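Commentary on secondary and tertiary structure
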Amino acid sequence: MLELLRQPWPWYVAGPLIGLTVPALLLIGNKALGISSSLRHVCAACVPAGIPFLTYNWRAELWNLFFVLGIGIGGFIGYQLMGHADTIAISPETVRDLKAQMHLTDFSGLLPKELFALENLSNWKGWVFLVLGGFLVGFGTRYAGGCTSGHAISGLSNLQWVSLVAVIGFFVGGLLMTWVFYPMMF
Amino acid sequence: MKNLKYLVLGVLFGIILTKSEVVSWWRIQEMFRFQSFHMYGIIGSAIVVGLISIQLIKRNRLKTINGEEISIADKKYNHGTWIGGTIFGLGWALTGACPGPMFAQLGSGVAGAAVLILAALAGTWTYSALREKLPH
């Protein structure tokens, strides 16, 4: 049993557990699953700067920040305490393509060190992948009114057609980056 | 401490995201290259379970553990839904992380995740400041 918990969890275990988070949040406090809102609450708490969209009672949304803090702690437990493989077993086709197209050689860790190590901030890669990438996530999720959790999981679970539009947008953007912009960058 | 239960649920959520490798850039690339079923299986089965759960809650008019009514607000459409969605998608493929995984990555010890989160906060702040000038 312990050994099973240590291994990477298959999709048919993780997916349903993520799905159960939706009713769990509703049943413990009538809260809708959504994580990108936490970014807005932090902005409202720290740098509201008189901006109307950041002027609201963020303290009423503290639960969301506790949830996000928990995710961070969960990351520590799940990776450092429960153990992990040094290299994630992705498909051989992806390894082949990433080697050929993006010239990656080190496949260890959760994300490629050749793109995301802090030292990369001294060249374009760090600025594009860490800074621009993070910026687009923060800007886009708020503009769209939600992210993968709020729209894809929570919204589609509640049959919201708006969320379907958003999720199609997520994939259009992701496919554009992967298939059009990556080949231009490398 | 009424928020403690959300912290506990967040910890469980973070463990699930981490153990299923949803927090990995490699897995997101595999997804956008259609080379593995893993991410599609996770998102798809999460939606199915969420959908059945919400139907059960609605049909049985379940209340929260404190006896409150459960109501889920409808999402409202504006043009930001697809414009912002596409912008997020570009960032999702770059970082290999949506907002939840960024926090899990930081907890797992990825230093770059701190930069990702700060940049995401800057993005959210910039959207908030420009909101009135952007098409919606």
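Criteria and thresholds
- Residues numbered from 1 in each chain as written.
- Chains lettered and ligands numbered in written order.
- Predicted model: local features only at pLDDT ≥ 70, side-chain atom pairs only at ≥ 80, totals over all residues.
- Helix = DSSP H or I, 4+ residues; strand = E, 2+ residues; numbered from the N terminus.
- Buried ≥ 20, exposed ≤ 12 C-beta atoms within 10 Å, placed from the backbone.
- Contact = placed C-beta atoms within 7 Å.
- UniProt positions renumbered as here; feature names shortened; annotations may be inferred.
- Domains from an automatic or database assignment.
- Nonpolar A, V, L, I, M, F, W, Y, C, P; charged D, E, K, R; others polar.
- Core = buried A, V, L, I, M, F, W, Y, C linked by C-beta atoms within 7 Å.
- pLDDT = per-residue confidence, 0-100.
- Axes fitted to C-alpha atoms, helices over the stretch in contact; angles between N-to-C directions.
- Left-handed = near helix turned anticlockwise from the far one by under 90°.
- Expected span 1.5 Å × (residues − 1).

Topic: the overall build of chain A
Helices and strands together make up the secondary structure of chain A, namely nine helices and zero strands. Tracing chain A from N to C terminus, the helices and strands come up as α-α-α-α-α-α-α-α-α. Dimensions along the principal axes, computed over C-alpha positions, put chain A at roughly 50 × 45 × 35 Å. Buried residues in chain A amount to 47% of all 186 residues. For chain A, the share of sequence-separated contacts (at least 6 apart) that also reach a separation of at least 24 residues comes to 48%.

Describing the UniProt feature "transmembrane region" (unreviewed entry) in chain B
All names here are of chain B. Cross-referencing UniProt, the feature "transmembrane region" (unreviewed entry) maps to residues 38-57, 77-94 and 106-130 in the present numbering. In residues 77-94, helix accounts for 83% and strand for 0%; the two terminal C-alpha atoms are 26 Å from one another. Between the end C-alpha atoms of residues 106-130 there is a gap of 28 Å, over a span that is 88% helix and 0% strand.

Points about the domain arrangement of chain A
All names here are of chain A. One can read the domain layout of chain A as domain 1 (1-83) and domain 2 (117-185). For domain 1 and domain 2, the distance between their C-alpha centres works out to 18 Å. Between domain 1 and domain 2, the residue contacts involve nine residues of the former and ten residues of the latter. Class assignment of the residues belonging to the side of domain 1 that touches domain 2 gives a composition of six nonpolar, two polar and one charged.

Remarks on the nonpolar core
Among the nonpolar cores identified, the biggest contains 86 residues, and L136(A), I153(A), I42(B), F88(B), M102(B), L116(B) and A120(B) are the most heavily contacted of them. Per-element accounting of this core gives the leading share, nine residues, to helix 6 (residues 112-130) of chain B. Per-domain counts for this core show at least three residues from each of domain 1 (1-83) and domain 2 (117-185) of chain A. Setting aside residues up to four positions removed in sequence, F88(B) forms contacts with L136(A), V137(A), G140(A), T141(A), A144(A), C147(A), F170(A) and G173(A).

Some thoughts on the interface of chain B and chain A
Taken together, the 101 residues of chain B in the interface contact 106 residues of chain A. Mapped by element, the contributors of at least two residues to the side of chain B that touches chain A are helix 1 (4-19), helix 2 (25-32), helix 3 (38-59), helix 4 (80-95), helix 5 (99-108) and helix 6 of chain B. The dominant element in the side of chain B that touches chain A, judged by the number of residues it contributes, is helix 4 of chain B, at 16 residues. A breakdown of the residues in the side of chain B that touches chain A according to their chemical character gives 54 nonpolar, 36 polar and eleven charged.

Structural notes on unusual backbone geometry
Residue and element names in this part refer to chain B. Located in the positive-phi region is E21, a residue other than glycine, with phi close to 65 degrees. Its location among the elements puts E21 in the loop between helix 1 and helix 2. The exposure class assigned to E21 is buried, which follows from the 26 C-beta atoms found within 10 Å. Backbone geometry at F34 places phi at a positive 55 degrees, although glycine is not the residue there. The residue F34 is located in the loop between helix 2 and helix 3 in this model. A count of 13 C-beta atoms within 10 Å places F34 in the partly exposed class.

Describing the confidence of the model for chain B
The share of residues in chain B with pLDDT of 70 or more is 100%, and the mean pLDDT across the chain is 96. For this predicted complex, the interface score ipTM comes out at 0.96, while the overall pTM is 0.96.

What to know about the packing of helix 8 (residues 148-157) of chain A against helix 3 of chain B
Relative to each other, helix 8 of chain A and helix 3 of chain B sit at 35 degrees, their axes nearing to 7 Å. Considering only the axes of helix 8 of chain A and helix 3 of chain B, their crossing is right-handed. When helix 8 of chain A is examined against helix 3 of chain B, the residues A152(A), I153(A), L156(A) and S157(A) are found in contact with a partner set consisting of I43(B), A46(B), I47(B), G50(B), L51(B) and I54(B). Within the contact of helix 8 of chain A with helix 3 of chain B, the residues separate by chemical class into eight nonpolar, two polar and no charged.

Looking at the UniProt feature "transmembrane region" (unreviewed entry) in chain A
Following the UniProt record, the feature "transmembrane region" (unreviewed entry) maps to residues 12-30, 62-82, 124-141 and 161-182 of chain A here. The straight-line gap between the two end C-alpha atoms of residues 62-82 of chain A is 28 Å; of that span, 95% is helix and 0% is strand.

Some points on helix 1 of chain B
The terminal C-alpha atoms of helix 1 of chain B lie 23 Å apart, and with 16 residues this matches the ideal 22 Å at 1.5 Å per residue to within 8%. Among all positions of helix 1 of chain B, only Y6(B), L9(B), G10(B), V11(B), F13(B), G14(B), I15(B), I16(B), L17(B), T18(B) and K19(B) are buried. In the core, the buried residues of helix 1 of chain B are packed alongside helix 2 (11-29) and helix 4 (62-81) of chain A together with helix 5 of chain B. Positive backbone phi, at 65 degrees, marks E21(B), one or two positions downstream of helix 1 of chain B.

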